[in-house]
Amino acid sequence: MSIDFKAEIERLKKALDVTVVAHYYQRDEVFEMADITGDSLELARRCKADKNPWVVFCGVGFMGQSVKVIAPEKRVLMPKIACCAMARMIDGSYFDDSVNYMVERGIAKEDILPITYINSDATVKAKVGEMGGYVCTSSNAFKIIEKGLETGKKILFVPDRCLGQNFAIQMGLKSCVIGAEGQEECDPKEADVICFNGFCSVHQLFTVDDIAFYRNKYPDIKIAVHPECDPKIVAAADFSGSTSQLIKYVADLDPEQKVAIGTEYNLVNRMRQKNTYVLSSTKPECPTMNETTLEDLYNTLKSIEDGKPINEIEIDDHTVKYANLALERMLAIK
Ligand code: 13P
Ligand code: SF4
């Protein structure tokens, strides 16, 4: 007999002290089951405030880890511990290499203030926390960089070069990318924000040709993109913002206003109304976000009911302690 996953998930949610959380990029059928949804910052804040002892997080690994770091007493399970491709581009040793790169070029370690995008492993966040640095998300990067600059130190921004460069441009700061192809060598003495060379392969899919295509077809169209897109794309767009900020931007437009959106397919497709388009000729799907299925969510909830929890997020005490410092420094900034 086949299982009615939706009905079973509803039953398990009622029976257990559990909160189901989902990021906007999740498949629709999984997203619809969630008690809490939002962008990365909202998910972190709301999970911290939530009272249930169990969290089942439908998203990518760093998101579940962040909940465990800010609320270590909670039991955090993930239907799939799928790792964000960008987060995989840096680990502790690559972080150390970036610090050393700056030190070798004349910046003392005490004069470096690291900021990590939340799309990074807890071990990287811990290294950042130990050096007095911050986590940021796409919705608060401006404020966090501003805060970092108050220290008078050089900002080392990891792992997303696009986010780092986009906010540096917005703030009138000089930036460079360590090891970027086709650019002059990154001189940390000459820049305010020194970026690691990571990126999101999904957001790299949006091109200036895609924007030209839509602007030619509909001259009055608005273009709205996520700041993980290349600076060329953000410069050519009308708006850039986090997933929640993109949703609000589109909701506030006149219903007759055409808009093409440059972010992950599941979110854009959910927003897609008469005048809303996907800003790409290829489907911008995040493979890891799409790994989680309704059956995985059911299996995870059932494992709690059966007393044999699966896919639990476990992080060692040292990492929790220092990653917590970097995350809490971010959460303290309103
Ligand atoms: P948001 O914080 O804007 O939801 O972004 C998360 C993400 O992974 C974007 O690719
Ligand atoms: Fe990571 Fe990109 Fe997927 Fe976001 S869309 S989770 S940055 S791979």
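Described in the following lines is the structure provided in the data block.

Conventions we followed
Residues numbered from 1 in each chain as written. Chains lettered and ligands numbered in written order. Predicted model: local features only at pLDDT ≥ 70, side-chain atom pairs only at ≥ 80, totals over all residues. Heavy atoms only, no water. 1 Å grid on protein atoms, 1.4 Å probe; cavity = no way out; pocket = protein on both sides within 12 Å on 5 of 7 lines; lining within 4 Å. Points joined across faces, edges and corners; volume = space filled by probe spheres on them. Nonpolar A, V, L, I, M, F, W, Y, C, P; charged D, E, K, R; others polar. Salt bridge = Lys/Arg side-chain N within 4 Å of Asp/Glu carboxyl O. Buried < 20%, exposed > 50% of the residue type's maximum accessible area, 1.4 Å probe, protein only. Helix = DSSP H or I, 4+ residues; strand = E, 2+ residues; numbered from the N terminus. Right-handed = clockwise from strand over helix to strand, strands pointing away. Phe/Tyr/Trp six-rings, centres within 6.5 Å; stacked < 30°, edge-to-face > 60°. Lys NZ or Arg CZ within 6 Å of the ring centre and 35° of its normal.

Put simply, the largest pocket is a space of about 320 Å³. For the lining of the largest pocket, the residue count by class is 15 nonpolar, 12 polar and two charged.

Our next topic: the pattern of salt bridges. Throughout the structure, instances matching the rule amount to 20 salt bridges. Linking glutamate 285 and lysine 283 is a salt bridge whose minimum nitrogen-to-oxygen distance equals 3.3 Å. For glutamate 285, a relative accessible area of 33% gives the class partly exposed. Salt bridges sharing common partners tie together Glu8, Arg11, Lys302, Glu305 and Asp306.

Buried residues dominate strand E5 (residues 112-117), accounting for six of its six residues. The two faces of E5 match: Ile112, Pro114 and Thr116 on one face and Leu113, Ile115 and Tyr117 on the other face are all buried. Taking the sense of rotation as the criterion, the β-α-β connection linking E5, helix H6 (residues 122-130) and strand E6 (residues 134-136) turns out right-handed.

Here we take up the packing of aromatic side chains. A complete count under the given rule lists six aromatic pairs for this structure. A ring pair is formed by phenylalanine 5 and tyrosine 298, whose centres lie 5.5 Å apart and whose planes are at 50 degrees; its orientation type is tilted. Within this pair, whereas phenylalanine 5 is found in helix H1 (residues 5-15), its partner tyrosine 298 is found in helix H13 (residues 294-305), the two being separated by 293 residues in sequence. Of the residues examined, phenylalanine 5 reaches a relative accessible area of 22% and is grouped as partly exposed. The class of tyrosine 298 is buried, set by a relative accessible area of 9%. On the basis of an interplanar angle of 5 degrees and a centroid distance of 4.4 Å, the ring pair of phenylalanine 239 and tyrosine 249 is categorised as stacked. One end of the pair, phenylalanine 239, is in strand E11 (residues 239-240); the other, tyrosine 249, is in helix H11 (residues 243-251), and 10 residues separate them in sequence. Aromatic rings pair up to connect Phe213, Tyr214, Tyr218 and Tyr277 into one cluster. Above the plane of the ring of phenylalanine 31 lies arginine 270, whose end atom (NZ or CZ) is 3.8 Å from the centre.

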